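So the chains spell out like this:
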Amino acid sequence: MKIAVSAFAGLVCTLGLVSAVHGQDARSLEKRSTSILTNPPGLPRLPSPDAAHAAAASAGLNLTNIQGDIVIGQSKRHETFLFFSIVDATSFKSKLRRKILPLVTNAGQMLKNETQPNTLVNIAFSQTGLTALGITDNLNDTAFHAGQLANAQTLGDPRTTHWVPAFTTGKIHGVFLLASDTTAHVDATLKTVTTALGASIKQAYSLQAAARPGNQEGHEHFGFLDGISNPAIQGFDDTPLPGQASVPTGEILLGEQNDNQIRPDWAKDGSFLVFRQLQQLVPEFHKYLTDNPIVEPHLTRAQGADLLGARMIGRWPSGAPVFLSPLADDPKLGADVHRNNNFTYAAPNNATLCPFNAHIRKNRPRADLGTDAKNPHHIVRGSIPYGPEVTPGEASSQTTRVERGMAFVAYQSNIVAGFQFLQQTWLNNPNFFIKNTTGFDPVVGANHGAARWSEGNLDPTNPTRNFTLVNDFVISRGGEYFFSPSLSAIADKLSA
Ligand code: N7H
């Protein structure tokens, strides 16, 4: 039976879930009263349903046709990434339409607890996956077409030395993103999905991820609150917080305003999903800080170490920006969404308050570029930590023994101008455009595994002090580039 797309999308919207029909079992019929998302202080909230629908109406955007993960940011509690290869394309397509499409969660559903499913289900395809499905249309993104494996050198990885083997095969055709508030929900949905697809797919790899426990919820493994400065997407959130970037819809969604590439019609309202498994060497990072503190008469050694870490990121663990709180953390500022992103690096436009090569300044130079509107390199991050907390043994030996890190997810309409540009041209480039020879992003910048450096500007007390970072604190375990299609594209193109 062919379902008319608009009618289908409307049905999804009205019911908030169609999953009860096929698989997420009877519990899906229960209305949720709690959100599947976390809500740590300091991170931007989703817009209210009324505000989002009004914004979408004025932009002509259909929120029920856009996959939900694209707009919700970094607030997932538990998430499993299931990477798969398509074994039988005919069987896969038929099951995709009949059994998977009804489970796929759209952006509209995520706006209210009552319409959220038990588990968010999203699906995305690599270039080899689209090819396996017989799709020959050109989505017009060279990085996506080549795949991430071909991009390892460009991204500064030390070849594929540390890559998860599955990412080196070029045979990952797609990924399911399954997110919920409990692992029980995620696991039940994983079973539903794999049972539904049966032998039409083969699991290539999977990664379980979860928000960190207790007061570290919302913080990545080095300890810093993450996701504060995700941009507001026009047509979804038209009331950005002070300092929050407001990005044209087409910078994230294909075929929308400001997406100037030629795309096939069916690609409209899809988004490119960059996945990277980024291992974090947490004890080693903290050892580096302790061994190389910033020395100031009124700071203890520990405070000097914390200051160096904060200047490397551009924010303190609470999320307070060093530009507004240059010498010590300010948890009240970090938790205040009206203040924690409200700065531009404009006055003073130097490295006194925030180093030029701090992670957040390299990723979004704000007024260094003129105005934010002149920056076409925004991404929406949907990352989540993976792996356990640092054990006492690792802390005392200052050595990583168990893998942990960030399941990095970024959405954009153009990988070349989005993630690839940020990693290659800003984070990995010691000659950052604002000022030459400032150095690498000390945390995420990469130099093919060789030493990285930071010249001057990290230490405010000694502008000529240079830092040599012999070892990486973040190690690429590889990943893949995917396309997260609209629900109508799944119905009409990918399963037809
Ligand atoms: Fe980054 N971190 O703790 O070091 N990031 N990041 N990121 N990141 C940000 O402002 C981190 C990575 C961006 O708009 C914060 O939301 C870690 C990659 C962008 O002002 C923290 C890893 C790329 C921003 C971290 C990692 C980016 C940003 C501050 C890997 C792109 C917003 C919280 C393990 C290529 C900048 C916040 C802005 C912020 C961390 C990776 C991009 C704490 C640990 C690979 C665009």
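The name an unreviewed UniProt entry assigns to the chain is Fungal peroxidase, from the organism Roridomyces roridus. Looking at the chain in UniProt, the text filed under Sequence similarities (unreviewed entry) is "Belongs to the DyP-type peroxidase family." Under the UniProt heading Cofactor (unreviewed entry), the note attached to the chain is "heme b".

Caption draft 1: Region of the structure containing the packing of aromatic side chains. Following the criterion strictly, the structure yields 24 aromatic pairs and no others. An angle of 75° between the planes, with centres 5.4 Å apart, marks the rings of F343 and Y345 as edge-to-face. One exposure class covers both F343 and Y345, and it is buried. Taken together, the ring pairs in this structure connect F81, F83, F167, Y205, F275 and F482 into an aromatic cluster. The residue whose ring lies beneath R366 is F343, and the NZ or CZ to ring-centre distance is 4.0 Å.

Caption draft 2: Quick peek at empty space enclosed by the protein. One pass over the full model with this rule turns up four cavities of 30 Å³ or more. Estimates place the volume of the largest cavity at around 670 Å³. Considering the residues around the largest cavity, the lining is formed by 35 residues, among which D226, H359, I360, N363 and R381 are closest to the centre. Only β7 (271-280), α12 (359-363), β10 (405-412) and α14 (419-427) provide two or more residues apiece to the lining of the largest cavity. With four residues, the single largest contributor to the lining of the largest cavity is α14. In terms of residue class, the lining of the largest cavity is built from 18 nonpolar, eleven polar and six charged. Volume-wise, the second largest cavity comes out at about 120 Å³. Lining the second largest cavity are 15 residues; nearest its centre among them are Q74, G218, S383, I384 and P385. Within the lining of the second largest cavity, the residues separate by chemical class into four nonpolar, six polar and five charged.

Definitions and cut-offs
Residues numbered from 1 in each chain as written. Predicted model: local features only at pLDDT ≥ 70, side-chain atom pairs only at ≥ 80, totals over all residues. Heavy atoms only, no water. UniProt positions renumbered as here; feature names shortened; annotations may be inferred. Phe/Tyr/Trp six-rings, centres within 6.5 Å; stacked < 30°, edge-to-face > 60°. Buried < 20%, exposed > 50% of the residue type's maximum accessible area, 1.4 Å probe, protein only. Lys NZ or Arg CZ within 6 Å of the ring centre and 35° of its normal. 1 Å grid on protein atoms, 1.4 Å probe; cavity = no way out; pocket = protein on both sides within 12 Å on 5 of 7 lines; lining within 4 Å. Points joined across faces, edges and corners; volume = space filled by probe spheres on them. Helix = DSSP H or I, 4+ residues; strand = E, 2+ residues; numbered from the N terminus. Nonpolar A, V, L, I, M, F, W, Y, C, P; charged D, E, K, R; others polar.

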